[in-house]
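Secondary and tertiary structure notes
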There are 2 protein chains.
Amino acid sequence: MKNKEPLVIQDQGSFSAGGIAIHSEGQFDPNNPPDPFTPPADPFAENHNGQSLHGDNAHVFYQIPQNPRELPLVFLHGGFQTAKCWQTTVDGREGFQNIFLRRNFSVYLVDQPRRGAAGRSTVPNIVPAILEDETQFNIYRFGLWPNFYEGVQFSPDHKLWDEFLLSVTNNHGPYDAAVITDAMSAVFDKVGDGILITHSQSGGLGWLAAARNPHIKAIVSYEPGSCFLFPEGEVPETKTTCLPWNVLPASGAPMEDFLKLTKIPIIIYYGDNIASEPDKDLGRDHWRVRSEMAQLFVDKVNAYGGDATLVKLPEIGIYGNTHFIFSDLNNLEIADLLSQWLHEKGFDLTKHPISPNLSKER
Amino acid sequence: MKNKEPLVIQDQGSFSAGGIAIHSEGQFDPNNPPDPFTPPADPFAENHNGQSLHGDNAHVFYQIPQNPRELPLVFLHGGFQTAKCWQTTVDGREGFQNIFLRRNFSVYLVDQPRRGAAGRSTVPNIVPAILEDETQFNIYRFGLWPNFYEGVQFSPDHKLWDEFLLSVTNNHGPYDAAVITDAMSAVFDKVGDGILITHSQSGGLGWLAAARNPHIKAIVSYEPGSCFLFPEGEVPETKTTCLPWNVLPASGAPMEDFLKLTKIPIIIYYGDNIASEPDKDLGRDHWRVRSEMAQLFVDKVNAYGGDATLVKLPEIGIYGNTHFIFSDLNNLEIADLLSQWLHEKGFDLTKHPISPNLSKER
């Protein structure tokens, strides 16, 4: 963190958005409440104690710099992640939170419902403890366990990989795209107009949220991994990989919803070490089918008059990126790509014009 | 947030601390990994897939202002909470994070293992969805459901209470004081010397951590609620309330550990609406026995030469505080008390002397 200018923060804080309350039948007696500290014998049994439970909200931590650009960036993490993924990298570099604050963007870091600081689910859940770190190493395209890919944009140090794993987390309630979409729409009702940045699993949630809430003025999606939307009746076939359990179905949406995705600029980025044909390496093959589906999605959006772009980083000469493009060793270069795109689209305006603040200028 | 000076942040970011890895027998085949997306049929079954799982770490978000005071404040939330509790209050006022940044303290906000951004447990867990909001209303001493206490330091508005409930969360792995103490000690190994601020359930965790790690130079505990430490052989009797399920045992520690608590200043605060004798109101009675035990703890620490203080806020003319003293309507006054105490103890030194920045000066 040396040689950095201080961050001048006009305002920072947090808020909840969305969420529901459920209520049980029965009569609550405040003078004889049940024991709240001992879990129920059957955690899945219905409650009849006359009480309520609030949950399923999102949590948002925001920071607004001085002289902010007009549109904030709203970051939604992917699967197994929290807002942490946009913070300091495991080797101590600044993440997109600080990088874009320095570029005068307001940043909103979301924890989706049933994750991170938004950990209260209204539905009970079993959280398993699955030993799968080595599989994740491959799916995240750090390499083929135990070997890092050559030239990967992550210091090839197993101690740092161990550190990375400490930012991985679980769903703390059942994963429910509708619950998250509701909460993300509520986030934008509070934020107002902004640009949604998604990653991996949240790619699909971004399409769903943008079809719902017109405050989402653009979407930037890093390696979207599921729930690619197509108009009903035009949904492509499920894509298969080399492993029978790993398939990718597409999703159908009413045409009216799909068309909303043609009204906003969308850009999608994929990193390196993604196969171009079926490959026995899970990581390479997993992202092959997802990037193929993303291309079909982009083509469909554009066929209906949209403005969607898919960037495969190696095709523009940027190599070695993992699934976590925005925290990779070259994340300043990745941030520059985003700054340039936002500038081209007119999304980096300020009341008092300033430069896009590319890293090379600093 | 109007009329506030901007925050000038020299550095901010996040890191993990502590945590373990567990490993299973068997041989992992990277070319034929098991499905990581489908939960196992029996989530409590042992794994034999040759893989690993990292977890049980703490997550820390920190901010360092310009010209910081020498000792940072390290905040550990209580039960059912995350680092969120130190952020913006539900009615939009600044929490202790911002308040103490403005007073030139570095702040470190911890999510304990198996909570919030530190959500990955190495032990499987069932997360129930217990309908108990109304019981919490009482235990947190907002009032006796559905009525707010008269003069309570929380806007008596049920919509704000609903909002408050969205910051409540669950344990995402089994609650384990030893796991959390390990992680908190690891936090201080990374932070270095600092002052630990605890709340409620984490009060006990603070005593355990301070007995372990000499970097903890003082403890400020808001309404500690469990795990009061006494020397083995001098442990007082379990305290009982008006409800049979609500009892408070004390904990024994080796004398060597207990004596470490006599080497650092400790201050404990309790709010208002706490009974002085057995009371049928759960909230009033719950905190009666905890504050009684806290007095025994303070007396014992001081009997062995320590410097512990218990402040019952109504006894110094501050009324209406709930269990969440630090986010109550009068939290600037509460912050002033802390600033004054830190000043008296010489814990607010800077390289370039500045005032304690009490709220009245602003």
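Residues numbered from 1 in each chain as written. Chains lettered and ligands numbered in written order. Predicted model: local features only at pLDDT ≥ 70, side-chain atom pairs only at ≥ 80, totals over all residues.

Further remarks concern the overall build of chain A. Scanning chain A for helices and strands turns up eight helices and 15 strands. Computed over its C-alpha atoms, the radius of gyration of chain A comes to 21 Å, within 12% of the 21 Å expected for a compact globule of 362 residues. Expressed as lengths along the three principal axes of its C-alpha atoms, the size of chain A is roughly 65 × 55 × 50 Å. Sequence-distant contacts in chain A: of pairs separated by 6 or more residues, those separated by 24 or more amount to 72%. (Helix = DSSP H or I, 4+ residues; strand = E, 2+ residues; numbered from the N terminus. Rg over C-alpha atoms; globule rule 2.2 N^0.38 Å. Contact = placed C-beta atoms within 7 Å.)

As a further point, take the pairing of strand β15 (residues 307–312) of chain A. Residues and elements named next belong to chain A. Sheet topology places strand β14 (residues 265–270) next to β15; six bridges connect them, and they run parallel. Considered in β15, the bridge of isoleucine 268 is made with leucine 310. At this point the chain moves from β14, through helix α7 (residues 282–303), to the parallel β15, and the crossover so formed is right-handed. (Pairing = 2+ DSSP bridges. Right-handed = clockwise from strand over helix to strand, strands pointing away.)

Here we come to the packing of helix α4 (residues 177–191) of chain B against helix α5 (residues 201–212) of chain B. Residues and elements named next belong to chain B. At a minimum axis distance of 9 Å, the contact between α4 and α5 shows a crossing angle of 55°. In terms of orientation, α4 and α5 fall into the oblique class. The two elements α4 and α5 meet at a crossing, and its hand is right-handed. Two secondary-structure elements touch here, α4 through Ala177, Ile180, Thr181, Met184 and Ser185 and α5 through Gly204, Leu205, Leu208, Ala209 and Arg212. Among the residues making up the contact of α4 with α5, the classes are represented as six nonpolar, three polar and one charged. (Axes fitted to C-alpha atoms, helices over the stretch in contact; angles between N-to-C directions. Parallel < 35°, antiparallel > 145°, perpendicular 65-115°, else oblique. Left-handed = near helix turned anticlockwise from the far one by under 90°. Nonpolar A, V, L, I, M, F, W, Y, C, P; charged D, E, K, R; others polar.)

This next bit is on the environment of A:Ser52. Tracing the sequence through the fold places A:Ser52 in strand β2 (residues 52–65). A residue is classified by how many C-beta atoms lie within 10 Å of it, and A:Ser52, with 20 of them, is buried. Separated by 128 residues in the primary sequence, A:Ser52 and A:Ile180 have C-alpha atoms spaced 21 Å apart. What A:Ser52 contacts, discounting residues up to four positions off in sequence, is A:Ala21, A:Ile22, A:His23, B:Leu131, B:Asp133 and B:Glu134. (Buried ≥ 20, exposed ≤ 12 C-beta atoms within 10 Å, placed from the backbone.)

Before going further, it helps to examine the relation of the copies chain A and chain B. Between the two copies, chain A and chain B, the superposition gives an RMSD of 0.0 Å; the rotation angle is 180° and the shift along the axis is 0.0 Å. Both chain copies can therefore be described as sitting about a two-fold axis. A shared interface surface links the copies, since 99% of the contact residues of chain A are contact residues in chain B too. (Least-squares fit on C-alpha atoms with pLDDT ≥ 70 in both.)

On to the interface of chain A and chain B. Each partner contributes residues to the interface: chain A has 78 residues there, and chain B has 79 residues. The leading source of residues in the side of chain A that touches chain B is strand β1 (residues 7–23) of chain A, at 13 residues. Its residues placed into classes, the side of chain A that touches chain B shows 34 nonpolar, 33 polar and 11 charged. Where β1(A) lies against strand β1 (residues 7–23) of chain B, three bridges are found, and the strand directions are antiparallel. Its bridge partner being in β1(B), A:Leu7 is matched across the sheet by B:Ile9.

With that settled, the discussion passes to the nonpolar core. Counting residues in each nonpolar core, the largest one holds 193 residues, and the members touching the most others are A:Val74, A:Phe75, A:Val187, B:Val74, B:Phe75 and B:Val187. Setting aside chain neighbours within four positions, we find B:Val187 in contact with B:Ala17, B:Ala58, B:Val60, B:Val74 and B:Val110. (Core = buried A, V, L, I, M, F, W, Y, C linked by C-beta atoms within 7 Å.)

A few words now on the confidence of the model for chain A. With 98% of its residues at a pLDDT of 70 or more, chain A shows a mean pLDDT of 94. The ipTM for the predicted assembly is 0.96, set against a pTM of 0.97. (pLDDT = per-residue confidence, 0-100.)

All names here are of chain A. Across the two faces of strand β3 (residues 73–76) the burial is the same, with Leu73 and Phe75 and Val74 and Leu76 all buried. Alignment of β3 against strand β4 (residues 107–111), held across four bridges, turns out to be parallel. Directly across from leucine 73, in β4, lies its bridge partner valine 107. Read from β3 through helix α1 (residues 96–102) to β4, the crossover connection turns out right-handed. By the bridge criterion, four bridges tie β3 to strand β8 (residues 194–199) in an arrangement that is parallel.

Let us look at unusual backbone geometry. Residue A:Pro146 follows A:Trp145 across a cis peptide bond; omega there is 0°. With respect to the element layout, A:Pro146 can be found in the loop between β6 (143–144) and β7 (147–148). A positive phi angle is found at A:Asn104, which is not glycine, with a value near 70°. Backbone geometry places B:Asp56, a non-glycine residue, at a positive phi of 65°. One can find B:Asp56 in strand β2 (residues 52–65).

Once that is clear, we can look at the environment of A:Phe297. Residues and elements named next belong to chain A. Tracing the sequence through the fold places phenylalanine 297 in helix α7. Residue classification places phenylalanine 297 among the buried positions, given that 26 C-beta atoms sit within 10 Å. C-alpha separation for the pair phenylalanine 297 and arginine 103, spaced 194 residues apart in sequence, amounts to 31 Å. Here phenylalanine 297 is in contact with Phe228 and Phe230, once residues within four sequence places are set aside.

Here we come to helix α3 (residues 158–165) of chain A. Listed as buried for α3(A) are A:Trp161, A:Phe164 and A:Leu165. Projection of α3(A) onto a plane perpendicular to its axis shows the buried side chains occupying an angular sector of 100°, all on one side. The elements touched by buried residues of α3(A) are α2 (133–139) of chain A together with β2 of chain B. (Arc of directions from axis to C-beta.)

Topologically, A:Ile216 is positioned in strand β9 (residues 216–222). In this structure, the C-alpha to C-alpha distance between A:Ile216 and A:Val74, residues 142 residues apart in sequence, is 9.3 Å.

Its 22 residues give α7(A) an end-to-end C-alpha distance of 32 Å, which sits within 8% of 32 Å, the value for a rise of 1.5 Å per residue. Taken from the residues just after α7(A), A:Gly305 is the one with a positive phi, measuring 90°. (Expected span 1.5 Å × (residues − 1).)

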